[in-house]
Amino acid sequence: MSAHGNASPVSPSSCSDLIFPLADTRMNLKKYFVRALHRLQKGPGYTYKELLVWYCDNTNTHGPKRIIKEGPKKKVMWFFLTLLFASLVFWQWGILINTYLSYDVTSSLSIGFKTMKFPAVTVCNANPFKYSEVKPLLKELDKLIETALERILQPTHGDPISPLLLNGSNTTEGLDLELWNQIPLVLIDEQDKDNPVIVEIFETNQSTTGNQTAAPPAPTNVTSEEKKYKLAVKLCSHQGSNNCTYRNFTSAAQAVTEWYILQSTSILSKVPLQERIRMGYQAEDMILACLYGAEPCNYKNFTQIYHPDHGNCYIFNWGMDKEALNSSNPGAEFGLKLILDISQQDYIPYLSSAAGARLMLHQQKSFPFLKDQGIYAMAGTETSIGVLVDELERMGYPYSDCTMNGSDVPVKNLYSEYNTSYSIQACLRSCFQDHMTEICGCGHYMFPLPEGVTYCNNEDNPGWAYCYSSLRSSIRHRQICIDSCKETCNDTQYKMTISMADWPSEASEDWIFHILSYERDMSTNVTLDRNGIIKLNIYFQEYNYRTISESAATTIVWLLSSLGGQFGFWMGGSVLCLIEFGEIIIDSLWITVINVISWCKGLKQKRARAQYPDMPPTVSELVEAHTNLGFQHEEASNATQEEALPPEPGTPPPNYDSLRVQPPRNPGTDSDTESEEQRPAANHHEDASVWAE
C-alpha cells in the first residue's frame with residue numbers, strides 16, 4: 001500500500017457546499033448595497049420645513065417645543081427667548097474653550113521631610129592666575145596702563161589735557177605701541193555737549209584723522225567740576241578704520257578694568273590650556289583644611305575644573321566619579337567646613353579688583369556658572385551659609401515651554417564636554433558663542449569652542465573686540481537666544497542664609513596662623529595673614545524641603561462639566577439634545593446633497609434638449625430605424641421593397657417601466673393569480689427574444 005492510500009478524494013458535493021454559501025453571501029451583499037443606493041438616491045423623504053417642525057416637536061430642549069405649540073404672539077416671544085439663550089450658551093462656550101486652550105497652570109507649595117543629598121560646592125579664587133606666574137605675559141600690558149594712568153592723572157586743575165607724543169619721548173620709551181593701538185583708551189571732553197572732543201592719550205607726530213583731535217585750551221571761566229574728562233575704550237572694525245565705537249564709563253576705574261580684560265583675553269587665548277592651569281592656584285595650596293561632618297577630608301576629595309573667569313576651581317561632592325554624599329543631620333556640626341588661602345598678595349593688580357573666594361552651591365553633575373549665581377566670601381572672616389532646598393516641578397508642553405534634558409533645544413550645548421546636565425545658562429552661552437563664531441569668525445575666550453574654531457586675538461582677528469561689543473549689545477541676537485533656549489522642567493534651587501564674623505580673632509590669630517603656616521609650608525615662621533585666609537561653614541538649616549509644583553488649571557473634565565452646566569442652565573439641555581441637533585444637521589446636509597444632484601440632472605437634461613430642435617425620437621422609432629431592412633430614404637426604393645418583401649410582424653417596443661425591480665411576493669399568494677400575472681410577462685419576454693433575433 002502506498003503512503004497516500006488512506007487519503008480519500010474530495011467529492012464534488014463538498015466543493016459545491018463551499019461554493020454556494022459564498023455565492024449567497026455575495027448576492028446578499030449586492031442586494032444590501034443596491035437598497036442602500038436606492039435609499040441614498042431617494043433621500044430622507046421630507047423637506048427642510050418638515051424636518052424643522054419634527055425637531056421642534058420631538059426635541060428634549062424646552063424652548064423649541066413652545067415655538068410650534070403656542071399661539072402667534074407667544075411663538076414670537078419664545079422664538080426670541082430661545083435665540084437669546086442659545087446665543088448666551090455659545091458665548092459662554094467660547095469663553096470656556098478659550099480658557100481651556102490657554103493652558104494656564106496653578107502652583108502649589110508642599111513641604112516634606114527627608115534625608116537629602118548634600119549639594120555640590122564649587123570654590124574658586126577671585127583672582128584667576130598668580131601674578132608671579134602670568135607676569136611675563138602681561139608685562140607690556142602693565143607698562144602701557146601704568147603710563148596711561150600717569151598721563152590721565154598728570155594735569156592739574158585748570159590745565160587742558162594734550163596728547164602725549166610717542167616719538168622722541170622718554171616717558172614712552174619701550175612701550176608696545178602696536179598692542180596699544182589695537183584697543184586704545186581715549187579721553188572724551190564733553191564741555192560742549194553737542195560737539196564732544198576726543199583726545200588721544202598717546203599720539204605720534206603724524207596728523208590725526210577722523211574725530212581724533214587735541215583738546216582746545218580750557219576757558220578761564222570754567223570750574224574744576226566742569227573740566228572732567230570721561231575715559232572710554234575705542235573699538236574699531238579694523239585698525240586704522242573710521243568705523244569705530246566708544247564705550248563710555250562714568251568712572252575711569254571701570255574703563256581701565258574693561259580695557260585690561262579685553263587686552264588680557266587676547267593674550268591668554270593663545271596660551272595652551274595646561275599652561276593656564278599651571279599658572280592658576282593649585283588645590284594643595286588653596287585648600288588648607290577640610291572637614292565634612294565628623295569625617296576629615298582634603299584637596300583630593302575635590303574635582304578640579306578650569307573656569308575662564310576664575311581660573312582653577314574645585315568642586316566638592318560633584319557626583320561624577322563617586323556617589324553623592326548624604327547629610328546625616330541638619331546643623332553646622334554636620335556640614336562642610338573649609339579653610340582657604342587666597343594669597344591676596346599675588347593678585348593681578350589691574351585684572352582683579354575684588355579679593356576673596358567665589359563659591360556656588362549647585363546640583364550634582366551640573367556646570368557651575370559662578371559669574372551669575374556665585375557669591376563672594378570675604379577674606380579675614382568666617383562665613384556661615386545655611387541652606388534651604390526648593391524643588392521646582394514644571395509642566396511640559398503645552399502648559400510651559402520647558403525641556404527635560406535639552407534634547408529638544410535647537411542650540412548645541414557646548415558644555416557637554418564636561419559631561420554635565422543641561423541648564424539654561426549653558427544654552428544661552430552656547431548660543432552666544434555660535435553667533436560669535438558665525439559673525440566674528442572666532443570664539444570668545446570665556447566660553448567653550450565649537451569644533452574647528454579658534455579663540456579670538458588681536459593678531460589674527462584685529463576687529464574681534466568691536467564685533468564682540470556690538471554682538472553683546474545687540475537686542476536682536478539676545479532675543480534669538482532667549483527664544484531658542486528653554487528652562488528645565490525639574491530643577492533644584494538652594495536658598496542661602498549668609499552670616500559673617502571676623503576670623504580669627506585678635507586673641508587667637510597668632511597660634512592659628514602659626515599652625516596653618518606650619519601645616520602648609522612646614523615653616524616655623526608665620527607665612528599667612530588675615531588678608532589671605534577665609535573660613536567657610538556650609539550646612540543644611542533643616543531637613544524640611546519645599547516642592548513648588550505646577551498643575552493644570554483647567555482639565556478636560558472641567559471643560560465638559562462647564563459646557564454642560566452652561567447648556568443645562570440656559571437651555572435645559574443635555575448631551576442627548578446635542579445628539580438630536582446633530583441628527584437634523586446630518587439630515588439637512590442629506591437633503592441639500594439630493595437637491596444639488598437633482599439640480600445637476602435637470603441642468604444636464606436642459607442641455608440635451610438644446611441639441612434637438614424638435615422632440616427627440618422615441619425608443620420604438622430608434623429600434624425600427626435600426627432593424628427594418630426595407631427602410632430607404634428614397635420613396636421609390638421604399639415602394640419596391642414593400643412590394644417585394646412580405647410584411648414584418650409588428651412588434652411593439654418594450655415598456656421599460658415594466659422592468660423595474662419588484663420585491664418578491666409572499667409565498668402565500670394564489671397560484672392561479674400568480675400564473676395569470678406571470679403569463680403576460682412571459683409573452684412579453686418571448687416577444688422581446690423574437691425581436692432580438
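For clarity, every value in this text was computed on a predicted model and none was experimentally measured.

Participant: Before we go on, may I ask you to explain the sheet that holds strand E8 (residues 244-248) in this structure?
Facilitator: What holds strands together in a sheet is hydrogen bonding between their backbones, with the strands either parallel or antiparallel. Ordered in space as E5-E4-E7-E8, the 4 strands form an open sheet in which the pairing is antiparallel. Of all strands in the sheet, those with a lone pairing partner are strand E5 (197-200) and E8, marking the two edges. Geometrically, the sheet is characterised by an average inter-axis angle of 40° between neighbouring strands, direction not taken into account. Sheet topology note: the strand E4 (residues 185-189)/E5 ladder contains 4 bridges and is antiparallel. Paired with Asp 189 across the two strands is Val 197, which belongs to E5.

Participant: Explain the sheet that holds strand E11 (residues 302-307) to me, please; I cannot follow it from the model alone.
Facilitator: Pairing is antiparallel across the open sheet formed by 5 strands, whose spatial order is E11-E12-E2-E14-E15. Looking at the sheet topology across the chains shown, the edges are occupied by E11 and strand E15 (375-377). With direction set aside, neighbouring strand axes in the sheet form an average angle of 30°. With 6 bridges connecting them, E11 and strand E12 (residues 311-316) associate as antiparallel partners. Its bridge partner being in E12, Ile 305 is matched across the sheet by Cys 313.

Participant: Is there a simple way to explain the nonpolar core in this structure?
Facilitator: Counting residues in hydrophobic clusters, the biggest one holds 64 residues, and the most contacted among them are Ile 201, Trp 259 and Tyr 260. Ranked by residue count, the leading element in this core is helix H5 (residues 131-153), at 8 residues. Beyond its immediate chain neighbours, meaning those up to four positions away, Trp 259 contacts Leu 141, Leu 144, Ile 145, Trp 180, Ile 183, Pro 184, Leu 185 and Val 233. Ranked by size, the runner-up nonpolar core spans 36 residues in total, among them Ile 287, Tyr 314, Leu 361 and Phe 540.

Participant: Got a minute to help me understand the UniProt feature "transmembrane region" (unreviewed entry) in the protein in this structure?
Facilitator: Within this structure's numbering, the places UniProt gives as "transmembrane region" (unreviewed entry) are residues 76-101. Its end C-alpha atoms 37 Å apart, residues 76-101 is made of 100% helix and 0% strand.

Participant: Explain the side chain of Asn 413 to me, please; I cannot follow it from the model alone.
Facilitator: Inspection of the secondary structure assignment puts Asn 413 in the loop between strand E17 (402-403) and helix H11 (424-440). Setting aside residues no more than four positions away along its own chain, Asn 413 makes contact with Tyr 422, Ala 426 and Ser 430.

Participant: Help me out: how do you make sense of the pattern of salt bridges in this one?
Facilitator: Counted according to the given criterion, the structure contains 14 salt bridges. When the shortest N-O distance is used, the salt bridge between Asp 408 and Lys 486 registers 3.4 Å. With Asp 408 in the loop between E17 and H11 and Lys 486 in the loop between helix H13 (475-484) and strand E18 (487-488), the pair connects residues that are 78 residues apart, well separated along the chain. Note on Lys 486: relative accessible area 15%, which makes it buried. Between Glu 509 and Arg 530 there is a salt bridge, with the nearest N and O atoms lying 2.8 Å from each other. With Glu 509 in helix H14 (residues 509-521) and Arg 530 in the loop between H14 and strand E20 (533-552), this residue pair connects regions lying 21 residues apart in the sequence. Through salt bridges with shared partners, a single ionic network connects Glu 133, Glu 275 and Arg 278.

Participant: I keep staring at the side chain of Ser 484 and nothing clicks. Help me out?
Facilitator: Relative to the helices and strands, Ser 484 resides in helix H13. Among the polar contacts made by the side chain of Ser 484, one reaches the main-chain carbonyl oxygen of Ile 480 at a distance of 2.8 Å. Once you skip the residues sitting within four places of it in the chain, Ser 484 turns out to touch Val 409, Pro 410 and Val 411.

Participant: Would you mind going over the packing of helix H7 (residues 252-268) against helix H12 (residues 464-472) with me for this structure?
Facilitator: Contact geometry for H7 and H12: axes closest at 11 Å, N-to-C directions at 120°. For the element pair H7 / H12, the angle class is oblique. When the axes of H7 and H12 are compared, the crossing they make is right-handed. Packed against H7, whose contacting residues are Glu 258, Leu 262, Thr 265 and Ser 266, the element H12 presents Trp 464, Tyr 468 and Arg 472 at the interface. For the contact of H7 with H12, the residue count by class is 3 nonpolar, 2 polar and 2 charged.

Participant: Just to check I follow, could you spell out the packing of aromatic side chains for this structure?
Facilitator: Aromatic rings considered in pairs are described by the distance between their centres and by the relative angle of their planes. For the coordinates displayed, the defined rule picks out 25 aromatic pairs. Ring geometry for Phe 118 against Phe 540: centres 5.9 Å apart, planes inclined by 80°, an arrangement best described as edge-to-face. In this pair, Phe 118 is assigned in the loop between strand E1 (105-113) and strand E2 (120-125) and Phe 540 in strand E20, connecting sequence segments 422 residues apart. Here the guanidinium or amino end of Lys 114 rests over the ring plane of Tyr 545, the centre of that ring lying 4.7 Å away. Looking at Arg 358, its charged tip hangs above the ring of Tyr 376, at a distance of 4.4 Å from the centre.

Participant: What is the right way to read the state of the cysteines from this model?
Facilitator: Put plainly, two cysteines are in a disulfide when a covalent bond ties their sulfur atoms together. This model, assessed by the stated rule, comprises 8 disulfides. The disulfide that involves Cys 290 links it to Cys 297, with 1.7 Å between the sulfurs. Across the disulfide from Cys 290 to Cys 297, rotation about the S-S bond amounts to roughly -80°, and the bridge is consequently left-handed. Owing to a relative accessible area of 9%, Cys 290 belongs among the buried residues under this scheme. Owing to a relative accessible area of 13%, Cys 297 belongs among the buried residues under this scheme.

Participant: Just to check I follow, could you spell out H7 for this structure?
Facilitator: What sets the pattern is the α-helix's 3.6 residues per turn: residues three or four places apart point alike. Between its terminal C-alpha atoms H7 stretches 24 Å, which fits the 24 Å expected from 17 residues at 1.5 Å a residue. Among all positions in H7, only Ala 255, Val 256, Glu 258, Trp 259, Tyr 260, Leu 262, Gln 263, Ser 264, Thr 265, Ser 266, Ile 267 and Leu 268 are buried. By the N-cap criterion, in which a side-chain oxygen at the helix start approaches the backbone nitrogen of a residue two or three places on, H7 is capped by Ser 251, the distance to Ala 253 being 3.2 Å.

Procedures and definitions
- Residues numbered from 1 in each chain as written.
- Predicted model: local features only at pLDDT ≥ 70, side-chain atom pairs only at ≥ 80, totals over all residues.
- Heavy atoms only, no water.
- Pairing = 2+ DSSP bridges.
- Helix = DSSP H or I, 4+ residues; strand = E, 2+ residues; numbered from the N terminus.
- Axes fitted to C-alpha atoms, helices over the stretch in contact; angles between N-to-C directions.
- Core = buried A, V, L, I, M, F, W, Y, C linked by side-chain atoms within 4.5 Å.
- Buried < 20%, exposed > 50% of the residue type's maximum accessible area, 1.4 Å probe, protein only.
- Contact = heavy atoms within 4.5 Å.
- UniProt positions renumbered as here; feature names shortened; annotations may be inferred.
- Salt bridge = Lys/Arg side-chain N within 4 Å of Asp/Glu carboxyl O.
- Polar contact = N/O pair within 3.5 Å; in protein donor to acceptor, adjacent residues only side chain to side chain.
- Parallel < 35°, antiparallel > 145°, perpendicular 65-115°, else oblique.
- Left-handed = near helix turned anticlockwise from the far one by under 90°.
- Nonpolar A, V, L, I, M, F, W, Y, C, P; charged D, E, K, R; others polar.
- Phe/Tyr/Trp six-rings, centres within 6.5 Å; stacked < 30°, edge-to-face > 60°.
- Lys NZ or Arg CZ within 6 Å of the ring centre and 35° of its normal.
- Disulfide = S-S within 2.5 Å.
- Expected span 1.5 Å × (residues − 1).

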